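Fold and geometry: a report
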Amino acid sequence: MSNDPFPQQLPTLQRLGVDDPTVTSATEVATTWFNSFASAIASSNITGILDLFLDDGFWKDTLALTWDFRTIEGRDAIRNLLDHRLAPAGFADLRLNQEPFLAPELLRFFPDLVLLRLSFEFGTKAGKGTGVCYLVPVPGSTWKAYSLYTCLQSLNDFPEQIGPHRRIAPEHGTWEERRRREVELADGDPTVIVIGAGHTGLEIAARLKYLGVPHLVIDKKARVGDSWRDRYKALCLHDTIWYNQTPYLPFPPTWPVFTPAGKLADWLEGYANYLELNVWTSSVITKTEWNDDLKTWTVEINRGGKETRTLKVKHLVFATGFGGRPKLPNIPGKEDFKGEAVHSSEFTSAANYIGKKAVVVGACTSGHDLAQDFFNHQVDVTMYQRSSTHVLSVEALRLLIDGLYNDTVPTDIADVYNGSLPNTVVRRIHQRTVPYTAQTTDKEIFDGLAKAGFKTNLGPHDTGIIQLLYAHAGGYYIGNAHIINGDIKIKNGSAIERFTEKGLKFADGMELEADIVVFATGYGDPRDSMRDVCGPEVADKVNQVWGFTEEGEVNSIWRDCGHDGMWFGIGNLGLSRFHSRHLALQIKAIEAGILKRSEIKF
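Residues numbered from 1 in each chain as written. Predicted model: local features only at pLDDT ≥ 70, side-chain atom pairs only at ≥ 80, totals over all residues. Heavy atoms only, no water.

Considerations on the overall build of the protein chain
Counting secondary structure elements, the protein chain contains 18 helices and 26 strands. For the protein chain, the proportion of its 602 residues judged to be buried stands at 54%. Here the protein chain displays about 26100 Å² of accessible surface, and carbon together with sulfur accounts for 49% of that area. (Helix = DSSP H or I, 4+ residues; strand = E, 2+ residues; numbered from the N terminus. Buried < 20%, exposed > 50% of the residue type's maximum accessible area, 1.4 Å probe, protein only. Areas by Shrake-Rupley, 256 points an atom, 1.4 Å probe, with all protein chains shown as cover.)

A short note on empty space enclosed by the protein
On inspection of all chains with the given rule, the structure shows 2 cavities of 30 Å³ or more. Taken as a whole, the largest cavity encloses approximately 50 Å³ of empty space. For the largest cavity, the full set of lining residues is Gln 153, Ser 154, Leu 155, Phe 158, Pro 159, Glu 160, Arg 207, Leu 211, Arg 581, Ala 584 and Leu 585. Within the residue set of the lining of the largest cavity, elements represented by two or more residues are β7 (142-155) and α18 (573-591). Grouping the amino acids of the lining of the largest cavity by side-chain chemistry returns 6 nonpolar, 2 polar and 3 charged. Computed from the structure, the second largest cavity encloses a volume of approximately 30 Å³. Lining the second largest cavity, in full, are Ala 197, Asp 219, Lys 221, Arg 223, Val 224, Gly 225, Asp 226, Ser 227 and Thr 281. Of the residues that constitute the lining of the second largest cavity, the class distribution is 2 nonpolar, 3 polar and 4 charged. (1 Å grid on protein atoms, 1.4 Å probe; cavity = no way out; pocket = protein on both sides within 12 Å on 5 of 7 lines; lining within 4 Å. Points joined across faces, edges and corners; volume = space filled by probe spheres on them. Nonpolar A, V, L, I, M, F, W, Y, C, P; charged D, E, K, R; others polar.)

A word on the packing of helix α6 (residues 199-209) against helix α8 (residues 261-274)
Interhelical geometry of α6 versus α8 gives an angle of 15° and a closest axis separation of 11 Å. Between α6 and α8, the angle is such that the two are roughly parallel. Helix-helix and strand crossings are classified by hand; for α6 and α8 the assignment is left-handed. The segment α6 lies against α8, with His 199, Leu 202, Glu 203 and Ala 206 engaging Leu 268, Tyr 271 and Ala 272. Each residue belonging to the contact of α6 with α8 can be placed in one class, and the counts come to 5 nonpolar, 1 polar and 1 charged. (Axes fitted to C-alpha atoms, helices over the stretch in contact; angles between N-to-C directions. Parallel < 35°, antiparallel > 145°, perpendicular 65-115°, else oblique. Left-handed = near helix turned anticlockwise from the far one by under 90°. Contact = heavy atoms within 4.5 Å.)

Looking at the nonpolar core
Within the largest apolar cluster, 178 residues are counted, with the highest numbers of intra-cluster contacts made by Trp 33, Phe 37, Trp 59, Phe 91, Phe 347, Phe 374 and Met 566. Not counting chain neighbours up to four residues away, the residues in contact with Phe 37 comprise Ile 49, Leu 52, Phe 53, Trp 59, Phe 91, Leu 94, Phe 120 and Leu 148. Listed in part, the 13 residues of the second largest apolar core include Ile 331, Val 359, Ile 496 and Ala 514. (Core = buried A, V, L, I, M, F, W, Y, C linked by side-chain atoms within 4.5 Å.)

A word on the sheet that holds strand β23 (residues 503-506)
Spatially, 3 strands are ordered β22-β23-β24 in an open sheet, and the strand pairing comes out antiparallel. Each end of this open sheet is capped by a strand with a single partner; those strands are β22 (496-499) and β24 (511-513). Averaged over all pairs of adjacent strands, the angle between strand axes in this sheet comes to 25°, irrespective of strand direction. Summarising the sheet, β23 and β24 pair through 3 bridges and their orientation is antiparallel. Counterpart to Gly 503 in the pairing with β24 is Glu 513. (Pairing = 2+ DSSP bridges.)

Here we look at the side chain of Thr 150
Here Thr 150 lies in strand β7. Overall, Thr 150 belongs to the buried group, its relative accessible area being 0%. Within the structure, the side chain of Thr 150 is placed 3.0 Å from the side chain of Trp 59, a separation counted as a polar contact. When sequence neighbours within four positions are dropped, the list of residues in contact with Thr 150 reads Trp 59, Lys 60, Asp 61, Thr 62, Ala 64, Leu 65, Phe 91, Phe 120, Phe 122, Thr 130 and Gly 131. (Polar contact = N/O pair within 3.5 Å; in protein donor to acceptor, adjacent residues only side chain to side chain.)

Let's talk about the packing of aromatic side chains
Overall, the coordinates contain 23 aromatic pairs when judged by the stated rule. Note on Trp 33 and Phe 37: the rings are 4.9 Å apart at their centroids and 15° apart in plane angle, and the pair reads as stacked. One end of the pair is Trp 33 and the other is Phe 37, both in helix α2 (residues 26-42) and 4 residues apart, which spans about a single turn. Judged by its relative accessible area of 0%, Phe 37 falls in the buried class. Measuring from centroid to centroid gives 6.1 Å for Phe 120 and Phe 122, while their planes differ by 50°, and the two rings are tilted. Its relative accessible area of 3% is what places Phe 122 among the buried residues. Among the aromatic residues, those joined into a cluster by ring pairs are Trp 33, Phe 34, Phe 37, Phe 53, Trp 59, Phe 91, Phe 120 and Phe 122. Here the guanidinium or amino end of Lys 60 rests over the ring plane of Tyr 149, the centre of that ring lying 5.5 Å away. Above the plane of the ring of Phe 506 lies Lys 491, whose end atom (NZ or CZ) is 5.2 Å from the centre. (Phe/Tyr/Trp six-rings, centres within 6.5 Å; stacked < 30°, edge-to-face > 60°. Lys NZ or Arg CZ within 6 Å of the ring centre and 35° of its normal.)

See below:
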């Protein structure tokens, strides 16, 4: 752990110098601290605010004070934040939440880690938000803030057009024409073009639409949902329905816990229709030009060869998935191979290979799904594992997320709680839970995989799946009994040397025969599609996308990426649901003149 880039330590009872606290009323403890905090905020008493925090405490902010995704650590840094942003943001009108699921609660993460969580509402000059604070006991029978989270949820002057703000006037025979004009942009160019009609692009478009921001979604595929529909037929989501809910339109109670990709594709097609999103399918951008003086894009779009439209817009949002171009290793001798060799993005089903032999190169999510598909179709399949893989069971995954995402906790509340702790703190918590889970819930799986020769790990610095997702967008898989029982054979420990006429030859002299080789070897830089669309001059100005900043936030996703008028939306269904709101709020605030980044001095 000595080379861990995030050295922060958890506020254990031993570090704090206290015994296990006896709390008769979480509400009483929370109210005492919160009243002092609210009073100090109201009087702009920054020293008084800081006295309520641990010396190494955190203030995590999503747009409320900083109009960015920031994690501020330590009293001196928090003082700097408050000196520069407390008054300009207008942070005020704090109210402690006492409602179900929001009331103060004592949380025992471990026997030596006790946090008291409270939540509150607040206002700023721009809008309203939700706060979450985690208190810890300190000597003297008092409590101080270890971590505080502030998250902007809405804009004062631009409420979401839902509930009481929805369309009221009846449409007698005019709805179809109105929708035709909206989709065809008959009354003007949109403010935003969203590139990609997968779940992320559609959710961003929905958030924009119901904040009153004119939008257009374009996708090169023929139907909405084809980004899921056209993938390998064995694909099924590993996250649960409760984690994967979509904004404004939740899944019905009949929906299965784990969603097949084709079923999700059909849902997204309906989602776009029911929420009246403006989508052009079979459409590609053929040219873009950025005007830095006017802060506008001129975008030329080919609509399936039928027409070319040129639009002037203020923002481009890239929602083209976790990775860029498919990554294919350069292996000599491919021209000698008599079988097929494809990337997983080109593969659809093992049904055409019954009775044949297959090699899957890659041992993470896609590799396992494909190997299982081959096995299910009576194909002799071997998985080639290039490096160790983090594995967890479905049961372990559900232990990780089911506490918040279930039939009981409202999704909006779960999302705020899920994002409320700094990623640096989550890392430390997972460094305890991940090894423990591997030795308890998943011990049989890890032991079985080891006997089968499959190499496993616990994620970077033993932090598990979440850190792999944020840092690498891959490198893990959720269970596979077929490897343990030998249905799927494993090859590792030696590099691929070349293709042969019949398959793959390895450096140790072994040759694997194959009728098909599928490379589940991932994707390139998420900026690849942007570079293709905008060209190298623009692309070179864009910051790193994905991976962690020094503060532990994710680079350039849902936030400023270094180029005006350009955004990246990347995430699974849960992340995209939560942060699509934040991306849309930033665009709306910019267009309304509320957000001017040049004026934010922090």
